[in-house]
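A closer look at the structure
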Amino acid sequence: QVQLVESGGGLVQAGGSLRLSCAASGRTFSIEALGWYRQAPGKQRELVATISTAGNTNYATSVKGRFTISRDNAKNTVHLQMNSLKLEDTAVYYCNAHSRLSLSSWYDYWGQGTQVTVSS
């Protein structure tokens, strides 16, 4: 099992910045990638950014150039620095750990979510 605890959400004006953090505990050795997803009201959960153990990153087109994901493997934490926030970034943000269970199986663990609200 992997436990994920997020922090850093809140209310910010458009154009502002927020930094989300997620701390992983438990079977952290099994984690291959950490990431952030978000879900706005009435919409499906979508990928925001992911980062592998090696530091390879992947971003949603809508956040490229504004958001930066980073990872501290020694502390088993992942951060999401969000700049130039837009109204459409309002959502519940979920931390994700993509973990290997065996040679041919993986499992996704999720945090409880943290609300990010961008106001005009």
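One structure accompanies this document, and this report is about it. (Residues numbered from 1 in each chain as written. Predicted model: local features only at pLDDT ≥ 70, side-chain atom pairs only at ≥ 80, totals over all residues. Heavy atoms only, no water.)

Taken together, four strands build an open sheet; the order of strands is β1-β3-β8-β7 and the sheet is antiparallel. The sheet is open, and its two borders are formed by β1 (2-7) and β7 (67-72), each paired with just one other strand. Each neighbouring strand pair of the sheet contributes to a mean axis angle of 15°, computed without reference to strand direction. Sheet topology places β7 next to strand β8 (residues 77-82); six bridges connect them, and they run antiparallel. Note that in β8 the partner of Arg71 across the bridge is Val78. (Pairing = 2+ DSSP bridges. Helix = DSSP H or I, 4+ residues; strand = E, 2+ residues; numbered from the N terminus. Axes fitted to C-alpha atoms, helices over the stretch in contact; angles between N-to-C directions.)

So, about the nonpolar core. Ranked by size, the top nonpolar core spans 30 residues in total, and within it Trp36, Leu80, Met82 and Tyr93 carry the most contacts. Breaking this core down by element, the ones donating at least two residues are β1, β3 (18-26), β4 (31-39), β5 (46-52), β7, β8, β9 (91-102) and β11 (114-119). For Tyr93, the residues in contact, after removing those within four places along its chain, are Glu6, Leu20, Trp36, Tyr37, Arg38, Val48, Phe67, Leu80, Met82, Gly113, Thr114 and Val116. (Core = buried A, V, L, I, M, F, W, Y, C linked by side-chain atoms within 4.5 Å. Buried < 20%, exposed > 50% of the residue type's maximum accessible area, 1.4 Å probe, protein only. Contact = heavy atoms within 4.5 Å.)

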